[in-house]
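Residues per chain, in single letters:
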Amino acid sequence: MIRVGVNGYHTIGARLADAVKKQPDMRLIGVSKMQPDYRARIAAEKEIDVYAANEKSLESFRNVKMTAKGMLTDLLQKVDVIVDATPDEVGASNKPIYEGAGVKGIFQGGEEHSLTNFSFVAQCNYGEAANKRFVRVVSCNTTALCRALHALERASGIEKARAVLVRRGADPDEVGKGPIDAVVLDPPTVPSHHAADVRSVMKGLNIVTMAVKVPETHMHLHTLLVTLKKKASREVVVDALESEPRVVLVDSKTGVKSTAALIDMAREMGRPRNDIYEAVVWRDSVSVSDNEVYFFLAVHQEAIVIPENIDAIRAVSGGYTEAQSMKVTDDSLSISPGAWKT
Ligand code: NAD
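Please read all numbers here as calculations on a predicted model, not as lab measurements.

**So, the pattern of salt bridges**
- This model, assessed by the stated rule, comprises 24 salt bridges.
- Close ionic contact of Arg246 with Glu308 constitutes a salt bridge, the shortest N to O distance being 3.5 Å. Placement of Arg246 in the loop between helix H9 (234-243) and strand S12 (247-250) and of Glu308 in helix H11 (residues 305-317) is noted, with a sequence separation of 62 residues between them. For the residue pair Arg246 and Glu308, the accessibility class agrees, reading buried in each case.
- By sharing partners, the salt bridges in this structure join Asp25, Arg147, Arg246, Glu308, Asp311, Arg314 and Asp330 into a single network.

**Some words on a nonpolar patch on the surface**
- On the surface, Val164, Val190 and Met210 cluster together into a nonpolar patch covering about 230 Å² of accessible area.
- Tracing the backbone through its elements, the reader meets Met210 in strand S10 (residues 207-214).
- For Met210, a relative accessible area of 41% puts it in the partly exposed group.

**Looking at unusual backbone geometry**
- Along the chain, Asp186 connects to Pro187 via a cis peptide bond; the corresponding omega equals 10°.
- Mapped onto the fold, Pro187 is located in the loop between strand S9 (184-185) and helix H8 (194-199).
- Cis peptide bonds are those with omega within 30 degrees of zero, and the linkage from Val190 to Pro191 qualifies with 0°.
- Here Pro191 shows up in the loop between S9 and H8.
- One non-glycine residue, Arg246, lies in positive phi territory at about 60°.

**So, the packing of H11 against helix H12 (residues 322-332)**
- Packing of H11 against H12 leaves a shortest axis separation of 9 Å and a crossing angle of 135°. With respect to each other, H11 and H12 are oriented oblique. Pair H11 / H12 crosses with right-handed handedness. In this structure, H11 uses Pro307, Ile310, Asp311 and Arg314 to contact H12, whose residues at the interface are Ser325, Met326, Val328 and Thr329.
- The residue inventory of the contact of H11 with H12, partitioned by class, reads 4 nonpolar, 2 polar and 2 charged.

**So, the pairing of S10**
- The pairing of strand S8 (residues 158-168) with S10 spans 8 bridges and is classified as parallel. Its bridge partner lying in S10, Arg162 is registered against Val208.
- The sheet contact formed by S9 and S10 spans 2 bridges and is antiparallel. When the bridges of S10 are listed, Leu185 appears paired with Val212.

**Some remarks on H12**
- Taken together, the buried positions of H12 are Ser325, Met326, Thr329, Asp330 and Ser332. An end-on view of H12 places all buried positions within 165° of arc, on one side of the element. The outward face of H12, more than 90 degrees from its buried face, is lined by the exposed residues Ala323 and Lys327.
- Positive phi appears at Ser334, one or two residues downstream of H12, with a value of about 55°.

**Some details on helix H5 (residues 90-101)**
- For H5, with 12 residues, the first-to-last C-alpha span of 17 Å sits near the 16 Å given by 1.5 Å per residue.
- Of all the positions in H5, only Gly91, Asn94, Lys95 and Tyr98 are classed as buried. Relative to the axis of H5, the buried residues are bounded by an arc of 135° and lie together on one face.
- Close packing links the buried residues of H5 with strand S1 (2-7), helix H4 (72-77), strand S4 (81-84), strand S5 (104-107) and strand S7 (134-137).
- Just downstream of H5 lies Gly102, where phi reads positive at about 75°.

Cut-offs used in this document
- Residues numbered from 1 in each chain as written.
- Predicted model: local features only at pLDDT ≥ 70, side-chain atom pairs only at ≥ 80, totals over all residues.
- Heavy atoms only, no water.
- Salt bridge = Lys/Arg side-chain N within 4 Å of Asp/Glu carboxyl O.
- Helix = DSSP H or I, 4+ residues; strand = E, 2+ residues; numbered from the N terminus.
- Buried < 20%, exposed > 50% of the residue type's maximum accessible area, 1.4 Å probe, protein only.
- Patch = residues over 30% accessible without salt bridge, like charges linked within 9 Å, V, L, I, M, F, W, Y side chains within 5 Å.
- Areas by Shrake-Rupley, 256 points an atom, 1.4 Å probe, with all protein chains shown as cover.
- Axes fitted to C-alpha atoms, helices over the stretch in contact; angles between N-to-C directions.
- Parallel < 35°, antiparallel > 145°, perpendicular 65-115°, else oblique.
- Left-handed = near helix turned anticlockwise from the far one by under 90°.
- Contact = heavy atoms within 4.5 Å.
- Nonpolar A, V, L, I, M, F, W, Y, C, P; charged D, E, K, R; others polar.
- Pairing = 2+ DSSP bridges.
- Arc of directions from axis to C-beta.
- Expected span 1.5 Å × (residues − 1).

Right, dumping it as structure tokens:
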């Protein structure tokens, strides 16, 4: 059993802790939290051991008479791998603590690539993570782009990829963030950082990205325009996307014409927290003209990196091939193309 701890327990961390509990080869030792808030209480009800992030946190647990199992430093004594799910760039300040404790660490896409010098998407570079001490799982947008582009690269090779990202302004519970009534250039310059982030995984790929932020909380939507090295029929392109792990195709004719419909579908499918772990492509948007391919891609930012984190834990721990790990992860999270009835 791989002993796993999660540091930072909110959007990504809480989902990850639940996913770790579902793995037959992993044991969730505990989670570390800053505040003894409602999430800490629910975690305790789920019989998850909650640790305080530091002395100050421990004090705030004591102040509300909530018992913490110890501090992050105590948790680190008991785990093989710590997954850092703290806010952007906080992970970097935690790395020396993990180094001192002698544990392996998985970081998130809010950290710079240079923190680990290795950025991870399971189907692109699982094998290269073997024996790495620290791995960074890329952001939600980069994960989705890498999965979809990996499919096209396999099918026909990519001459160049261009993507416009319409990004959600905030996660559903981030009440202090905007925009409320604007489309914000994010950033106003081209390219956005996503292109370089994709290249941190798919080395040398000719990709340019542009991004805007909109008043939406549930999902991102990408518009992709890809030039293939070899001409391919629409059928070949659709087949490539359909056979790519963790990419699903949906059809607007069944009523799925928006990100809201996707979230509704995930709810109706009984997905926990309406989570969509897959990158979603609209089948009817896939258009091919000579060697140019166009399509829409939707990304559930809160969920898409969860399977990648689980695979990253296995990849640094050894014992599984890419295919074996992805299968165990997917089975545990009910990820299968057949799950999407469209
Ligand atoms: P979040 O703000 O929802 O959760 C972070 C939690 O960590 C909060 O509860 C916060 O109180 C806690 N925290 C802050 N400092 C801490 C510390 N020193 N020790 C322990 N806990 C601490 O953040 P998130 O959205 O889960 O993002 C976590 C990481 O995942 C970031 O790198 C982010 O870029 C990345 N990511 C986020 C999303 C998303 O859409 N939310 C998607 C993909 C990747």
